[in-house]
Amino acid sequence: MATATSKSYFWKGFRDGTPFVFVAVPFGLLFGVFATEAGLDIVQTIAFSATVFAGAAQFTALQLLQDQTPTIIVLISALAVNLRVAMYSASLTPYLGAAPLWQRACAAYLIVDQSYACSIVRFEKEPDLTIPQRMTYFFGSVTPITPLWILATIIGAVLGAQIPESWALDFALPITFLAMVGPMMRTLAHVIAALVAIVVALLTVGVPYNLGLLIAGMAGMMAGAQAELMLERRSPS
């Protein structure tokens, strides 16, 4: 019975993650095109997507490489952009930290914006889920995205410049984040965190190597945490 329940949560995760395919595919196509223009061949492009598996960091690294940025700066900048995944991991640890090591290792590789957004919303709504149910839901949420992301980068690399600019594939990145953030704006603390992050991101847009995004993320989290503490103090005991 427990196995059947876990399987049902895999398919719940699969259904919740499927809508993100409509932005992950054009985003992957765009990366494939960009990688080809940057001088990578198809094998290098596939290896990049399969090993890094982090779209924003991949775009950052390629852009800096095109600008002849020193390798150490490229690595630091890509890691800085991807530090949000460390924040995602810390947020998911209370829900998945008791899972077997091999499952946690696989989950660490598969943590992306979409799988985190789906999972954290589900886990907060259903705090009584078992560890197997949570893990199968998490893996289900990323299953539609992972193979299509890699396939889309291959197609983008093969087609290269043949994809017309009128397709506007670059719309995928902002749409992805809007789709993830929207359902998570459930409390005043969430709204404050988002607004502070937006303002700080705009103020730090000139910070080199996209580090302004990291600063904005930290500022948003601190503002949200402080807002939550203030609201708890004001609420009746």
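Above this text is the structure in question.
Residues numbered from 1 in each chain as written. Predicted model: local features only at pLDDT ≥ 70, side-chain atom pairs only at ≥ 80, totals over all residues. Heavy atoms only, no water.

On to the overall build of the chain, then. Tallying secondary structure elements over the chain gives 13 helices and zero strands in all. Each helix and strand of the chain, placed in order from N terminus to C terminus, yields the pattern α-α-α-α-α-α-α-α-α-α-α-α-α. Here the contacts in the chain between residues at least 6 apart in sequence split such that 78% fall between residues at least 24 apart. Just so you have it, the chain exposes about 12,900 Å², and 71% of that area is on carbon and sulfur atoms. (Helix = DSSP H or I, 4+ residues; strand = E, 2+ residues; numbered from the N terminus. Contact = heavy atoms within 4.5 Å. Areas by Shrake-Rupley, 256 points an atom, 1.4 Å probe, with all protein chains shown as cover.)

Going through the model one piece at a time under the given rule, you end up with ten aromatic pairs. What links up through ring pairs into an aromatic cluster is the set Phe27, Phe31, Phe48 and Trp149. The ring of Tyr9 has Lys12 sitting right over it, with the charged end atom 4.3 Å from the ring centre. (Phe/Tyr/Trp six-rings, centres within 6.5 Å; stacked < 30°, edge-to-face > 60°. Lys NZ or Arg CZ within 6 Å of the ring centre and 35° of its normal.)

If you look at the biggest cluster of nonpolar residues, it comprises 43 residues, and the most contacted ones within it are Phe31, Leu62, Leu92, Leu96, Phe123 and Phe138. Sorting the residues of this core by element identifies helix 2 (21–37), helix 4 (55–66), helix 5 (71–81), helix 6 (83–96), helix 7 (101–110), helix 8 (113–125), helix 9 (131–142) and helix 10 (145–159) as the ones contributing at least two each. In terms of residues, this core owes the most to one element, helix 2, which gives six residues. Contact partners of Phe138, with chain neighbours within four places excluded, come to Leu92, Leu96, Ala107, Leu110, Ile111, Ser115 and Ser119. (Core = buried A, V, L, I, M, F, W, Y, C linked by side-chain atoms within 4.5 Å. Buried < 20%, exposed > 50% of the residue type's maximum accessible area, 1.4 Å probe, protein only.)

Attention now goes to helix 4. The first and last C-alpha atoms of helix 4 sit 17 Å apart over twelve residues, in line with the 16 Å expected at 1.5 Å per residue. For helix 4, a buried count of nine out of twelve residues is recorded, marking the element as mostly surrounded by other parts of the structure. Every buried residue belonging to helix 4 is among Gly55, Ala56, Ala57, Gln58, Phe59, Thr60, Ala61, Leu62 and Leu64, and all of these are buried. In this structure, the buried side of helix 4 is in contact with helix 2, helix 3 (42–52), helix 5, helix 6 and helix 10. Trailing helix 4 by a residue or two, Gln68 shows a phi angle of about 60 degrees, which is positive. (Expected span 1.5 Å × (residues − 1).)

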